[in-house]
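Chain and residue survey
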Amino acid sequence: MRLMRSLSDILEEYEFLEGDDRYGLLIELGRTLEPMPDALKTDATLVRGCSAAVWVYPASQQEQKLHFLADSNAAITKGIVALVISAVQDRPASEVAQMDVMGALAPFDLKNQLSSNRTQGVPNMIGLVKEHAARIAS
């Protein structure tokens with residue numbers, strides 16, 4: 001299991017960068033995602049509404065903490081996936097179920113940084129993660 005950077009740590013670097021360097025950071029974040037086996041990339045783990053293919057799989061929930069595997073077939077989208085995962089990875093299910101993930105991602109201003117088709121699936125991915133968290137927490 002890889003240790004992900006915290007969202008605040010990523011934001012600190014992101015705010016320092018501009019334009020293409022921000023894209024570079026997102027691509028680099030995507031590369032740090034824990035590898036997701038191809039066998040888990042199924043219709044059941046596919047996030048609907050994304051312009052690129054995005055898969056999210058709840059790998060485990062030890063001590064009520066969530067752990068996800070995720071991947072995308074597009075580099076920048078995979079970076080956005082990594083941002084979402086870093087906001088919720090290895091946190092208690094009850095915390096994630098109540099969390100404002102979109103609010104946590106707001107400082108990244110993704111809507112203005114990326115084309116709308118790159119960000120349209122983000123709410124669906126967050127919804128899937130929060131739905132899983134709520135199921136585990138109850």
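Residues numbered from 1 in each chain as written. Predicted model: local features only at pLDDT ≥ 70, side-chain atom pairs only at ≥ 80, totals over all residues. Heavy atoms only, no water.

Looking at the protein, pLDDT values average 89 and 92% of them are 70 or higher. The least confident element of the protein is helix α7 (residues 116-119), whose mean pLDDT is 67; the most confident is strand β2 (residues 67-72), at 95. (pLDDT = per-residue confidence, 0-100. Helix = DSSP H or I, 4+ residues; strand = E, 2+ residues; numbered from the N terminus.)

Time to look at unusual backbone geometry. Even without glycine at this site, D90 takes up a positive phi of about 60°. Secondary-structure assignment places D90 in the loop between α3 (75-88) and α4 (93-98). Positive phi, normally seen in glycine, also occurs at D109, with a value near 50°. Within the secondary structure, D109 sits in the loop between α5 (101-105) and α6 (110-113).

Time to look at the pattern of salt bridges. Counting across every chain of the model gives 9 salt bridges. Linking D43 and R48 is a salt bridge whose minimum nitrogen-to-oxygen distance equals 3.3 Å. Its relative accessible area of 56% is what places D43 among the exposed residues. (Salt bridge = Lys/Arg side-chain N within 4 Å of Asp/Glu carboxyl O. Buried < 20%, exposed > 50% of the residue type's maximum accessible area, 1.4 Å probe, protein only.)

This paragraph deals with the packing of aromatic side chains. In this structure the tally under the stated criterion is 1 aromatic pair. Positioned above the aromatic ring of W55, the side-chain terminus of K41 is 5.5 Å from the ring centre. (Phe/Tyr/Trp six-rings, centres within 6.5 Å; stacked < 30°, edge-to-face > 60°. Lys NZ or Arg CZ within 6 Å of the ring centre and 35° of its normal.)

Over its 16 residues, helix α8 (residues 122-137) extends 22 Å from the first C-alpha to the last, a length consistent with the 22 Å expected when each residue adds 1.5 Å. Among the residues of α8, those classed as buried are V122, M125, I126, V129, H132, A133 and I136. Down the axis, α8 shows its buried residues gathered within 130° of arc, on one side only. For α8, the exposed residues lying more than 90 degrees away from the buried face are E131 and R135. (Expected span 1.5 Å × (residues − 1). Arc of directions from axis to C-beta.)

In this fold, S51 is placed in the loop between α2 (19-31) and β1 (54-60). We classify S51 as partly exposed; its relative accessible area is 43%. When the C-alpha positions of S51 and N73 are compared, they lie 10 Å apart, and in sequence the two are 22 residues distant.

All right, on to the nonpolar core then. Membership of the largest hydrophobic core comes to 38 residues, with the highest contact counts inside it found for V56, L83, V88, V101, L105, F108 and M125. Of all the secondary structure elements, the ones that give two or more residues to this core are α1 (7-16), α2, β1, β2, α3, α4, α5 and α8. It is α3 that contributes the most residues to this core, 9 residues altogether. (Core = buried A, V, L, I, M, F, W, Y, C linked by side-chain atoms within 4.5 Å.)

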